[in-house]
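Results of the structural survey
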Amino acid sequence: MAELTFPIETSRLRLRPFTPADVDAVHAYQSLEEVARYQYWEPRSREEVAAEVAKWMEPDGTPEAPLSMVFAVTLKDSGALIGDMVLLFRDWEARQGELGFSFNPAFAGRGYATEAATAVMDLGFGHFGLHRIFGRCDARNDRSWALMQRLGMRREAHFREHARFKGVWDEEFYYAMLAREWADLRRGEA
């Protein structure tokens, strides 16, 4: 496997590892109720964000078989940090990965999340040779499941009242895509 180099660039974005200088930009969106609403955490204080960013900066696993990779999503033109993307490696033997993300709502509606997620899907399937990537979200989180649909992922499950989430029964959607489906989709875009 070739060594992974950073940043990962798209037409408008750079995905790179986090640095301590990113804490304030991450806090700007992770402190918002509308961002935390469907996450497993409540709006975070600056200190909580600093601790989280420090975790994201630590190597997780080995370069050949990481447990997760978290990327700062920044705009090429200004360098502004607008969100984070994560690729979790759930099962190396079965080559299964999970996509996760959160973005500053001030940058919503411009296609940045789709562009960043496409780069992470390319990385998972291309560089790491994953067979399947899935994502999951609260069924009420329209932006999240719409993003997964824009990526071409299919809804595989709708779990109803399967767990308690922030004091109420939740509903969760699971989306997924196989490597061959992603390759066909990307060929069709060329």
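Residues numbered from 1 in each chain as written. Predicted model: local features only at pLDDT ≥ 70, side-chain atom pairs only at ≥ 80, totals over all residues. Heavy atoms only, no water.

**Overview of the packing of helix α1 (residues 23-30) against helix α3 (residues 46-57)**
Going by this rule: Where helices are involved, their axes are fitted lines through C-alpha atoms of the stretch in contact, as for all axes, and angles between N-to-C directions lie from 0 to 180°. Each helix is a run of DSSP H or I of at least 4 residues and each strand a run of E of at least 2, with the numbering of both proceeding from the N terminus. Between 65 and 115 degrees an angle is taken as roughly perpendicular, under 35 as roughly parallel, over 145 as roughly antiparallel, and anywhere else as oblique. Left-handed is the label given to a crossing in which the near helix is rotated counterclockwise from the far helix by less than a right angle, and right-handed is the label when the rotation is clockwise. What makes two residues a contact is simply this: any of their non-hydrogen atoms within 4.5 Å. Polar here means any residue other than Ala, Val, Leu, Ile, Met, Phe, Trp, Tyr, Cys and Pro, which are nonpolar, and Asp, Glu, Lys and Arg, which are charged; Gly is therefore polar.
Running from N to C, α1 and α3 point in directions that differ by 120°, and their axes come no closer than 9 Å. Between α1 and α3, the angle is such that the two are oblique. By crossing handedness, the relation of α1 to α3 is classed as right-handed. Listed contacts from α3 to Val23, Asp24, Val26, His27 and Gln30 of α1 are Arg46, Val49, Ala50, Val53 and Trp56. Its residues placed into classes, the contact of α1 with α3 shows 6 nonpolar, 2 polar and 2 charged.

**Examining the environment of Arg110**
This is how the line gets drawn: Burial status follows relative accessibility: with a 1.4 Å probe on protein chains alone, a residue under 20% of its type maximum counts as buried, one over 50% as exposed, and anything between as partly exposed. In protein, a polar contact means a hydrogen-donor-capable atom and an acceptor-capable atom, both N or O and within 3.5 Å, with residues adjacent in sequence counting only if both atoms are side-chain atoms; elsewhere, any N or O pair within 3.5 Å suffices.
Along the polypeptide, Arg110 turns up in the loop between β5 (96-103) and α4 (112-127). Given a relative accessible area of 42%, Arg110 falls into the partly exposed group. Within the local environment of Arg110, its side chain forms a polar contact with the backbone oxygen of Ala106, the two atoms lying 3.1 Å apart.

**Thoughts on the pairing of strand β4 (residues 81-91)**
How we decide: Strand pairing is defined by DSSP finding a minimum of two bridges between the two strands.
With respect to burial, β4 is a largely interior element, 8 of its 11 residues being buried. Note: strand β3 (residues 68-75) against β4, 7 bridges, orientation antiparallel. Across the sheet, the residue bridging to Val73 is Gly83, located in β4. Hairpin connection from β3 to β4: 5 residues lie between these consecutive antiparallel strands, with Gly79 at a positive phi of about 80°. One ladder, built from 8 bridges, connects β4 with β5; its direction is antiparallel. Bridge assignment links Asp91 to a residue of β5, and that residue is Gln96. In this structure, the hairpin formed by β4 and β5 is closed by a connection of 4 residues, where Arg95 is found at a positive phi of approximately 55°.

**Quick notes on α3**
Let me state the cut-off plainly: Residue count minus one, scaled by 1.5 Å, sets the expected span of a helix. The arc in question is the one spanned by the directions pointing from the helix axis to the C-beta atoms.
Here α3 spans 16 Å end to end across 12 residues, near enough to the 16 Å set by a 1.5 Å rise per residue. Considered for burial, the residues of α3 that qualify are Val49, Glu52, Val53 and Trp56. Projected down its long axis, α3 carries its buried residues within an arc of 100°, all on one side. Turned more than 90 degrees away from the buried face of α3, the exposed residues are Glu47 and Lys55. Looking at the buried residues of α3, the elements they touch are α1, β3 and β4.

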